[in-house]
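Fold and contact review
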Amino acid sequence: MASKKKASPASKPAVKKPSAKRAPKTAPAAAKRKSAPVKRGASAKRPRRAVAAASGARAKPRPAPAAAAKSFAVRAIVDLGLIVERVRPFIPRDPQYAIRRPDDLAVATLVAHNLRVNPGSPPQLVRSNPAAESYLLLVLPPQSFGEEAFLDATGTEKNESAEVSDALGYPPKNSPAPGQPAEPTGPLPAARMRMSGPSRIAVTMPAGVDAIDFTFAGVLKACRTWPLRLDANAAPEPSVRPDRIAATPLDKQWLQNVVASAGWGALNRALETGLGGSGGDPLLKSLRDAGASIGRQTVTVLRSGPTAAAGRDLERALTAGVEALGARYPALREAATRQTALAVAALAATETVAASRLGFEIAAEALTQLPIFPIVLTPHAPGAAVTAIELPYRLMVSPIGSARFTHSDLPVDRQGRTELWHSRLSGQPAKPGADAPSKIRALWSPDYAFTLEDILKLLSPLNPYRMSLDPLDRKMLVQLMAGYNERIDLRRPYTPRPSRAQRLMLSALGGLLDAEGSWNPSRPAGVGLEQWRHLATLGRDHYVRVVYAGFLMPFGHAASLIKVTERKFENGTMASKTGRVALLRQRFFIVVREPVKTFSGTGHAFGGRNFPFTQVEILTRVTPNLMAPDHPGKAPLMAEVGAQKIYDAVPQRAAFWPLLAPGADFRFAADATDLAGNRVSFAMPLAFMGVEANQARAAAVRAAYNAAAASRRTAPTAGASVCFAPIKAGAEGDPRLPTASVVFAAAAVSGVSPERPQFYPEIESAQVGIQSVQRLLGREAAVGVKYPDVYKQAGFGGANPGEVF
């Protein structure tokens with residue numbers, strides 16, 4: 001048979017005495033403190049050469065680090081988060097006052113910096129040192145809980161029409177194979193729960209204000225009207241069009257706003273106190289002079305255009321300049337103290353860049369190639385003197401921009417009932433009417449500090465238990481909203497984007513959150529989370545949706561795995577009683593984002609000649625509830641082939657077979673258009689491949705797919721005619737054959753963007769009917785066929801003069 005080619009977020013004082021405990025003002029033993037076992041950042045190794053070092057020291061060259069090329073994330077030469085934690089015990093403690101107001105259940109702890117109590121009626125808080133900065137911290141009780149979730153039933157969910165069908169004795173339409181029941185919960189109380197840490201609102205006393213009433217109402221008024229103190233990473237969003245935000249740099253004005261923020265000043269003072277002195281001390285003055293020198297060199301590099309080599313030279317200059325000061329200041333010879341000194345110098349260098357006359361955009365490479373920026377702008381735990389809210393559990397978020405917290409200073413009584421005190425975040429606090437939406441950033445999570453290897457161990461099995469957000473979700477949310485050190489790929493840096501809080505409220509009984517974020521299409525490399533929706537009331541989650549980007553194998557249609565955790569009312573049992581309970585149920589399903597996909601052979605070794613379909617349409621747009629990829633029973637995973645490991649680098653949800661129950665694959669309905677324009681309908685299982693696996697383990701997943709049982713890769717076509725090769729008018733053979741089934745495989749591709757599927761479909765074999773064979777046998781018969789190598793390599797003509805296909 002042959003053919004030819006064809007294209008194809010006045011009250012009474014209610015206070016207690018302040019704590020009189022204060023820590024020492026110096027930190028000679030800072031380097032001896034043990035830090036958390038977190039492998040982030042690099043120790044300040046002694047460089048052997050420095051180009052234009054701040055101190056003028058000379059040294060020898062060292063090889064450039066290659067970590068960024070592998071992970072696409074820039075590591076800071078010091079870990080600012082660990083430094084802040086290390087110096088925290090050496091910062092003098094400010095007076096603390098416990099506040100209780102039973103009328104509206106307001107509970108908080110007030111921390112007053114550079115403020116003393118002036119007795120009177122009412123008493124007042126006045127500045128201790130008029131020349132120094134003063135601020136307040138309102139520390140609130142835990143605002144969120146990490147509650148255990150239970151897996152929901154799989155298969156089609158019950159609805160009114162299905163119940164009517166059952167009552168009439170008719171089966172519901174389009175019902176797939178039966179699923180499995182919901183995960184049992186056991187006797188009440190069933191769900192485990194963990195409490196978050198405290199949250200705090202930090203505000204700075206404005207210039208011209210020297211005293212406030214020392215009453216709860218006076219403190220609340222200050223928290224409502226004074227500007228918020230925000231972390232340096234709680235930077236405002238760049239003013240660009242949403243479609244250009246991934247490619248648009250952060251400009252000089254943005255950097256100036258960051259440097260002028262209260263969080264930046266708080267960070268500077270914390271580091272200086274940790275070194276054991278004030279800004280006038282000789283050591284600190286020398287460090288800041290060294291940093292200013294690096295800043296001037298950075299301006300020169302920005303003027304000519306940053307490069308990786310220039311960044312390495314500046315890093316050597318920065319480290320050599322600090323180490324040279326060790327000859328005069330022995331404290332710098334200790335590794336921990338030297339890292340703190342590097343951070344102080346880097347902050348001074350950044351301030352010099354922001355104050356320069358050079359107008360620039362921190363575009364393409366500055367945030368990642370120049371060493372001073374990653375030190376400050378990599379995710380780190382917020383300092384103790386800035387606003388930080390743990391909502392949801394284990395995720396520290398902060399407002400950005402001009403947002404303020406608004407609340408009533410006095411108890412609110414309505415018809416004999418007192419309203420629960422609460423504080424609401426508003427994006428436009430001066431505007432009358434409903435609170436405007438606000439932008440928030442997830443600045444930090446303890447899970448961010450874990451390596452991917454450690455996090456994968458927490459996911460299989462889930463430790464401590466299943467929640468709305470798992471450790472990897474929280475790590476990715478920090479990367480998406482505060483990952484200034486992240487990159488999309490080797491050429492493109494990533495610009496972090498905040499999420500939108502329609503509602504964020506704080507109270508003594510927990511926080512209320514209505515937040516949503518979308519990061520599509522641009523995300524940091526290796527981050528599959530593309531959407532997040534979170535609803536919580538009084539600290540309890542009641543609807544959380546997390547969306548992961550991926551593709552369906554073997555055809556490559558863009559799809560999203562969606563994890564929904566929602567509170568549902570169920571009957572529960574406690575001893576001999578049966579009651580109504582509201583548990584968190586978690587379910588997974590897949591949504592097809594790209595229903596129709598065309599194929600032209602691009603990237604395929606044989607130009608797609610052994611795949612006779614020009615277009616495949618997935619008719620199943622949304623699957624029913626599927627087994628969780630991390631199901632504790634028979635996991636619907638892909639088998640690892642030989643030495644090609646999958647789950648050592650990606651989570652289980654990034655590569656799995658969608659199942660309704662153990663052994664019951666879900667079959668996607670599809671239509672395929674062949675080379676002759678005929679549409680062929682079939683239903684078959686499709687594997688899900690998340691973008692993490694697509695970027696890090698594509699070859700292993702392809703091997704696992706091709707090694708799967710043929711039944712999983714078979715499309716029954718019920719004898720439909722399939723055109724296996726291009727049609728040539730007048731040719732003796734006909735490439736259109738009645739086909740009983742087709743077995744697909746996933747092939748490698750080359751020259752394809754890492755954002756696209758790293759596989760291409762092809763036919764492994766088919767069962768077809770061949771008229772000449774049927775005539776010989778005297779009956780209809782299906783024959784197993786494959787594409788010959790000569791056709792895959794050459795098509796028709798040339799090395800295939802017989803036009804065999």
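This structure is a prediction, so every number in the text was calculated from the model and none was measured. (Residues numbered from 1 in each chain as written. Predicted model: local features only at pLDDT ≥ 70, side-chain atom pairs only at ≥ 80, totals over all residues. Heavy atoms only, no water.)

1. Structural notes on the sheet that holds strand β37 (residues 783-785)
Going by this rule: Strand pairing follows a simple DSSP-based rule, namely that at least 2 bridges must link the two strands. Put simply, DSSP H or I for four residues or longer makes a helix, DSSP E for two residues or longer makes a strand, and each gets a number counted from the N terminus. Fitted lines through C-alpha atoms serve as axes, helices being fitted only where they are in contact, and the angles separating the N-to-C directions of these axes extend from 0 to 180 degrees.
Judged by pairing direction, the sheet is antiparallel, and its 4 strands sit side by side in the order β34-β35-β36-β37 without closing on themselves. Across the chains shown, the open sheet's two edge strands, defined by having one partner strand only, are β34 (714-723) and β37. In this sheet, neighbouring strand axes are inclined to one another by 35° on average, regardless of whether the strands run parallel or antiparallel.

2. With respect to the nonpolar core
Our working definition: Throughout, nonpolar core names a set of buried Ala, Val, Leu, Ile, Met, Phe, Trp, Tyr and Cys residues whose side chains join them through atoms within 4.5 Å. Each residue is assigned to one of three classes by its accessible area relative to the maximum for its type, calculated with a 1.4 Å probe on protein chains only: buried under 20%, partly exposed between the two thresholds, exposed over 50%. Any two residues whose heavy atoms approach within 4.5 Å at even a single point are treated as in contact.
Membership of the largest hydrophobic core comes to 133 residues, with the highest contact counts inside it found for L136, W532, M638 and F744. The leading source of residues in this core is strand β23 (residues 540-553), at 7 residues. W532 has contacts with P392, L469, L477, M481, S499, A515, E516, G517, W519, V544, R545 and V546, leaving out every residue within four places of it along the chain. In this structure, V258, V322, V344 and V353 belong to the second largest nonpolar core, which totals 34 residues.

3. Focus: the pattern of salt bridges
What counts, and what does not: Think of a salt bridge as a Lys or Arg side-chain nitrogen and an Asp or Glu carboxyl oxygen that are within 4 Å of each other.
All told, the structure shown has 33 salt bridges when counted by the stated rule. A salt bridge links D447 to R474; the nearest nitrogen and oxygen atoms lie 2.6 Å apart. With a gap of 27 residues between them, D447 in the loop between β19 (438-444) and α12 (452-459) and R474 in helix α13 (residues 471-482) connect regions that are remote in the sequence.

4. Section: the side chain of E351
Positionally, E351 belongs in helix α9 (residues 335-355). Here E351 falls in the buried class, since its relative accessible area comes to 19%.

5. As for the packing of aromatic side chains
As a reminder of what qualifies: Within 6.5 Å between ring centres, the rings of Phe, Tyr and Trp (the latter by its six-membered ring) count as paired, and their orientation is classed by plane angle as stacked under 30 degrees, edge-to-face over 60, tilted in between. Distance and angle both matter: a charge sits over a ring if NZ of Lys or CZ of Arg is within 6 Å of the ring centre and within 35 degrees of the ring normal.
One pass over the structure, following the stated rule, counts 18 aromatic pairs. An angle of 15° between the planes, with centres 5.4 Å apart, marks the rings of W657 and Y705 as stacked. Of this pair, W657 sits in the loop between β28 (655-656) and β29 (659-661) while Y705 sits in helix α15 (residues 698-707), and the two are 48 residues apart along the sequence. By the ring-pair criterion, three or more aromatic residues cluster together here, those being F555, F599, F611, F613, F682, F744 and Y760. Positioned above the aromatic ring of Y448 is the side chain of K475, whose terminal nitrogen or guanidinium carbon lies 4.8 Å from the ring centre.

6. Points about the confidence of the model for the chain
Detailed reading of the predicted coordinates is not advisable wherever pLDDT falls low. The criterion, for reference: How sure the predictor is of each residue is captured by pLDDT, a score from 0 to 100.
With 75% of its residues at a pLDDT of 70 or more, the chain shows a mean pLDDT of 78. In this model residues 1-71 is a low-confidence stretch, pLDDT under 50, and it forms 168 contacts with partners more than four residues away in sequence or in other chains. This model gives residues 159-168 a pLDDT under 50, and the stretch forms 7 contacts once residues within four places in sequence are excluded.

7. Things to note about the pairing of strand β20 (residues 499-507)
Two faces belong to every sheet, and in a regular strand the side chains alternate between them. Across 3 bridges, the pairing between strand β18 (residues 422-426) and β20 is antiparallel. Across the sheet, the residue bridging to S423 is L506, located in β20. Looking at chain direction, β19 and β20 are connected through 3 bridges and run antiparallel. If you follow K439 over to β20, its bridge partner there is R500. As judged from the 5 bridges shared by β20 and strand β21 (residues 512-518), these two strands associate in the antiparallel manner. Within β21, the residue paired with R500 across the bridge is E516. A loop of 4 residues connects β20 with β21, the two strands running antiparallel in sequence, and G510 in this loop sits at a positive phi of about 120°.

8. Observations concerning the packing of helix α7 (residues 282-304) against α9
Stated formally: For classification, angles of less than 35 degrees are called roughly parallel, those exceeding 145 degrees roughly antiparallel, those between 65 and 115 degrees roughly perpendicular, and all remaining angles oblique. Take the far helix as the reference: if the near one is turned anticlockwise from it by less than a right angle, the crossing is left-handed, and if turned clockwise, right-handed. Classification convention: Asp, Glu, Lys, Arg as charged; Ala, Val, Leu, Ile, Met, Phe, Trp, Tyr, Cys, Pro as nonpolar; all other residues, Gly among them, as polar.
Axis separation between α7 and α9 bottoms out at 7 Å; the angle between their running directions is 50°. Here α7 lies oblique to α9, going by the angle between them. In the crossing of α7 with α9, the sense of the turn from one axis to the other is right-handed. Between α7, through L287, R288, G291, A292, I294, G295, R296, T298, V299 and L302, and α9, the contact on the second element is made entirely by A341, V344, A345, A348, A349, E351, T352 and V353. In terms of residue class, the contact of α7 with α9 is made up of 11 nonpolar, 4 polar and 3 charged.

9. Notes on a nonpolar patch on the surface
What counts is decided by this rule: A patch consists of residues whose relative accessible area exceeds 30% and which take part in no salt bridge; residues with like charges are grouped when within 9 Å of each other, and nonpolar side chains (Val, Leu, Ile, Met, Phe, Trp, Tyr) when within 5 Å. Under the convention used here, a 1.4 Å probe and the Shrake-Rupley method define accessible areas, while residue burial counts only the protein chains that appear.
Taken together, the side chains of L105, L509 and L538 make up a nonpolar region of the molecular surface, amounting to roughly 240 Å² of accessible area. Tracing the chain through its elements places L538 in the loop between β22 (529-537) and β23.

10. Examining empty space enclosed by the protein
What counts here: We place a 1 Å grid over just the protein atoms. Points where a 1.4 Å probe fits but has no way out form a cavity, open points with protein on both sides within 12 Å along at least 5 of 7 lines form a pocket, and any residue with an atom within 4 Å of a point lines it. Grid points are joined across faces, edges and corners, and a volume is the space filled by probe spheres set on the points.
Considering only enclosed or pocket space, the largest cavity measures out at about 80 Å³ in volume. Taken together, 13 residues form the lining of the largest cavity, with F145, Y393, S468, L469 and D541 sitting closest to its centre. In terms of residue count, the dominant contributor to the lining of the largest cavity is strand β6 (residues 145-147) (3 residues). Residue composition of the lining of the largest cavity, by class: 5 nonpolar, 5 polar and 3 charged.

11. Looking at α12
To keep it simple, the criterion reads: Arc definition: it is the arc formed by the directions from the helix axis to the C-beta atoms.
Of the residues making up α12, those classed as buried are I455, L456 and L459. When α12 is viewed along its axis, its buried side chains cluster within an angular range of 100° and face the same direction. Exposed side of α12, more than 90 degrees from the buried face: E453 and K457 are the residues found there. Taken together, the buried residues of α12 touch α13.

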